[in-house]
Amino acid sequence: MRLCVYLVLLSCILSASVAMPVLEAGRFAWDAMGGAWDMFRAYKDMVDSNYKGADKYFHARGNYDAAQRGPGGAWAARVISNAREKWQSDMSGRGAEDTRADQEANVWGRNGGDPNRYRPAGLPSRY
């Protein structure tokens, strides 16, 4: 009887240790999807607000919200931010200085910095 109990416990431990990487991968993917949604929501709010000078705030906020979800969210924020800045610097012609400032706000938010550092005066409180 004792051998049977030990075998059942050993099976449970082994099953849990095998399932853990699968659960972690699932959690990463879930966080990444949520992070992508946070980035989209920040972009949508930026477009809806149409507020001059608020670009860096929305960059920082989107990255902050995404990173708060965990490693998957931070990964999604990094990938989306880098792709957006690559596109902007190559296609829009905004220039290296604007890209550098955007990336500074992206990293600030992703590292847990308060996005309100970049909030312009007068931006409506709903944002």
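Model, not experiment: these values are computed from the prediction.

Visitor: I would appreciate a short explanation of the overall build of the protein chain in the present structure.
Guide: The number of helices and strands found in the protein chain is 4 helices and 0 strands. The secondary structure elements of the protein chain, listed N-terminal to C-terminal, are α-α-α-α. Among the 127 residues that make up the protein chain, the fraction classed as buried is 35%. Within the protein chain, contacts between residues at least 6 apart in sequence are counted, and of these 69% link residues at least 24 apart. Entry remark: accessible area of the protein chain is about 8200 Å², with carbon and sulfur atoms responsible for 64%.

Visitor: Explain a nonpolar patch on the surface here, please?
Guide: Together, W37, F40, Y43 and V47 make up an exposed nonpolar region whose accessible area comes to about 440 Å². When you line up the elements, Y43 lands in helix α1 (residues 2-49). When its relative accessible area of 44% is taken as the criterion, Y43 is described as partly exposed.

Visitor: Where do I start with the pattern of salt bridges in this structure?
Guide: Tallied over the full model, the rule gives 13 salt bridges. The shortest N-O distance in the salt bridge between R41 and D38 comes to 2.9 Å. Remark: D38 and R41 occur in helix α1; sequence separation between them is 3 residues, near one turn of the helix. The class for R41 is partly exposed, based on a relative accessible area of 31%.

Thresholds, definitions, all that
Residues numbered from 1 in each chain as written. Predicted model: local features only at pLDDT ≥ 70, side-chain atom pairs only at ≥ 80, totals over all residues. Heavy atoms only, no water. Helix = DSSP H or I, 4+ residues; strand = E, 2+ residues; numbered from the N terminus. Buried < 20%, exposed > 50% of the residue type's maximum accessible area, 1.4 Å probe, protein only. Contact = heavy atoms within 4.5 Å. Areas by Shrake-Rupley, 256 points an atom, 1.4 Å probe, with all protein chains shown as cover. Patch = residues over 30% accessible without salt bridge, like charges linked within 9 Å, V, L, I, M, F, W, Y side chains within 5 Å. Salt bridge = Lys/Arg side-chain N within 4 Å of Asp/Glu carboxyl O.

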